Amino acid sequence: NAGVTQTPKFRVLKTGQSMTLLCAQDMNHEYMYWYRQDPGMGLRLIHYSVGEGTTAKGEVPDGYNVSRLKKQNFLLGLESAAPSQTSVYFCASSKIQGGGYTFGSGTRLTVV
Amino acid sequence: DQQVKQNSPSLSVQEGRISILNCDYTNSMFDYFLWYKKYPAEGPTFLISISSIKDKNEDGRFTVFLNKSAKHLSLHIVPSQPGDSAVYFCAASSPDMRFGAGTRLTVKP
């Protein structure tokens, strides 16, 4: 039972580079989310999806794009990385909106 | 604008005693409240939840209390065990989910 899998686990980027974080879930959940965790800030929602082919902005969407072409995958893209995007990124999924989430183990991203 | 606040960054308790973690919220539209537990290098895991129509929910050693008039919820762990040492996040849903900054609980043997 894999649950939610995030790749990669660690990444170092130079300012201006781009990358894509992949999230995959095998629970047939409709809802998927991308959060970032920063010290003293808790988890902040970047983007989310309520089903295949849909995406919506969260609290801190600037500088990120997302896509959900398949129900099981939710991709987070950084087009031009900035040091302010240094963070730990968590993907989550849920059966219903607002219910208990299943989180991945996180991606630690450093932008230098 | 932090709508969910955990004002205690850390808490230390002795094994066997009660741990009480607190959380305050500002948005009266929240209708579902949750607690997550997080170990280092892992994602948060769902622990316990409560609907806004209830004031208490219990699951084994864990009990969550909700005081809607005070916009306050708390998580009680009795008895506390060393394995409970982790960061605990409070969350509230409307249905968009907002998280607090977390409280690091240390349970000393």
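Residues numbered from 1 in each chain as written. Chains lettered and ligands numbered in written order. Predicted model: local features only at pLDDT ≥ 70, side-chain atom pairs only at ≥ 80, totals over all residues. Heavy atoms only, no water.

Participant: What's the story with the overall build of chain A in this structure? I'm lost.
Facilitator: Helices and strands together make up the secondary structure of chain A, namely 0 helices and 11 strands. Counting helices and strands in the order they occur from the N terminus, chain A gives β-β-β-β-β-β-β-β-β-β-β. C-alpha extents for chain A along the principal axes are approximately 35 × 30 × 25 Å. Contacts spanning at least 24 positions in sequence make up 55% of the contacts within chain A whose residues lie at least 6 apart. Accessible area of chain A: about 5300 Å², with a carbon and sulfur share of 53%. Looking at chain A, you have 11 positive and 7 negative side-chain charges, and the mean spots of the two groups are 6 Å apart. (Helix = DSSP H or I, 4+ residues; strand = E, 2+ residues; numbered from the N terminus. Contact = heavy atoms within 4.5 Å. Areas by Shrake-Rupley, 256 points an atom, 1.4 Å probe, with all protein chains shown as cover. Lys, Arg positive; Asp, Glu negative; His and termini not counted. Charge placed at Lys NZ, Arg CZ, Asp CG, Glu CD.)

Participant: Could you clarify how one ought to interpret unusual backbone geometry in this entry?
Facilitator: Between A:T7 and A:P8 the backbone carries a cis peptide bond, its omega angle lying at -10 degrees. A cis amide bond links B:V78 to the next residue, B:P79, at an omega of -15 degrees. Looking at the element boundaries, B:P79 is found in the loop between β8 (72-77) and β9 (86-93). Look at A:N28: it is not a glycine, yet its phi comes out positive at around 60 degrees. Residue class for A:N28 comes out exposed when judged on its relative accessible area of 58%. (Buried < 20%, exposed > 50% of the residue type's maximum accessible area, 1.4 Å probe, protein only.)

Participant: Sorry if this is basic, but what is going on with the packing of aromatic side chains here?
Facilitator: The relation between two aromatic rings is expressed through the spacing of the ring centres and the mutual angle of the planes. Summed over all chains, the structure comprises 16 aromatic pairs over all chains. On the basis of an interplanar angle of 85 degrees and a centroid distance of 6.3 Å, the ring pair of A:F90 and A:F103 is categorised as edge-to-face. Of this pair, A:F90 sits in strand β9 (residues 87-94) while A:F103 sits in strand β10 (residues 102-103), and the two are 13 residues apart along the sequence. A:F103 shares its class with A:F90; the two are buried. Centre to centre, the rings of B:Y25 and B:F33 are 4.7 Å apart; their planes meet at 40 degrees, and the pair counts as tilted. In this pair, the class of B:Y25 matches that of B:F33, namely buried. Counting every residue linked through ring pairs, the aromatic cluster contains A:Y33, A:Y35, A:Y48, A:F90, A:Y101, A:F103, B:Y36, B:F46 and B:F99. (Phe/Tyr/Trp six-rings, centres within 6.5 Å; stacked < 30°, edge-to-face > 60°.)

Participant: Please explain the sheet that holds strand β6 (residues 56-59) of chain B as it appears in this structure.
Facilitator: Within a sheet, adjacent strands bond to each other through the backbone by hydrogen bonds, running parallel or antiparallel. Residues and elements named next belong to chain B. Pairing is antiparallel across the open sheet formed by 5 strands, whose spatial order is β1-β3-β8-β7-β6. Strands at the two margins of the open sheet, each flanked by one partner only, are β1 (4-5) and β6. Inspection of the sheet shows strand β3 (residues 19-25) paired to β8 by 6 bridges, in the antiparallel sense. Bridge pairing in β8 places S19 opposite I77. (Pairing = 2+ DSSP bridges.)

Participant: Can you walk me through the state of the cysteines in this structure?
Facilitator: What is meant by a disulfide is a covalent connection between two cysteines, made through their sulfur atoms. All names here are of chain A. Applying the stated criterion across every chain yields a total of 2 disulfides over all chains. In this model C23 forms its disulfide with C91; the gap between the sulfur atoms is 1.9 Å. A torsion of -75 degrees about the S-S bond marks the disulfide between C23 and C91 as left-handed. Residue C23 is located in strand β3 (residues 19-25), and its partner C91 is located in strand β9; the two are separated by 68 residues in the primary sequence. Comparing C23 with C91 shows no difference in burial state: the two are buried. (Disulfide = S-S within 2.5 Å.)

Participant: Explain the interface of chain A and chain B here, please?
Facilitator: The figure often quoted for interface size is the accessible area lost as the parts come together. At the junction of the two partners, chain A supplies 17 residues and chain B supplies 19 residues. For the chain A and chain B pair, buried surface summed over both sides reaches about 1400 Å², with 59% attributable to carbon and sulfur atoms. Between the two partners, chain A and chain B, sit 1 salt bridge. Note that A:E59 is salt-bridged to B:R98, the shortest N-O span being 3.4 Å. Here chain A and chain B share 2 residue pairs in polar contact (both at pLDDT 80 or more) between them. Every element with two or more residues in the side of chain A that touches chain B is listed here: β4 (31-38) and β5 (42-49) of chain A. The element best represented in the side of chain A that touches chain B is β5(A), accounting for 3 residues. (Buried area = accessible area lost by both parts, 1.4 Å probe. Salt bridge = Lys/Arg side-chain N within 4 Å of Asp/Glu carboxyl O. Polar contact = N/O pair within 3.5 Å; in protein donor to acceptor, adjacent residues only side chain to side chain.)

Participant: What am I meant to see in the sheet that holds strand β1 (residues 4-7) of chain A here?
Facilitator: All names here are of chain A. The 4 strands are arranged β1-β3-β8-β7 in an open sheet whose pairing can be described as antiparallel. Strands with a single pairing partner mark the edges of an open sheet, and in this sheet they are β1 and β7 (64-67). This sheet shows a mean twist of 20 degrees between the axes of neighbouring strands, independent of strand direction. Sheet topology note: the β1/β3 ladder contains 4 bridges and is antiparallel. (Axes fitted to C-alpha atoms, helices over the stretch in contact; angles between N-to-C directions.)

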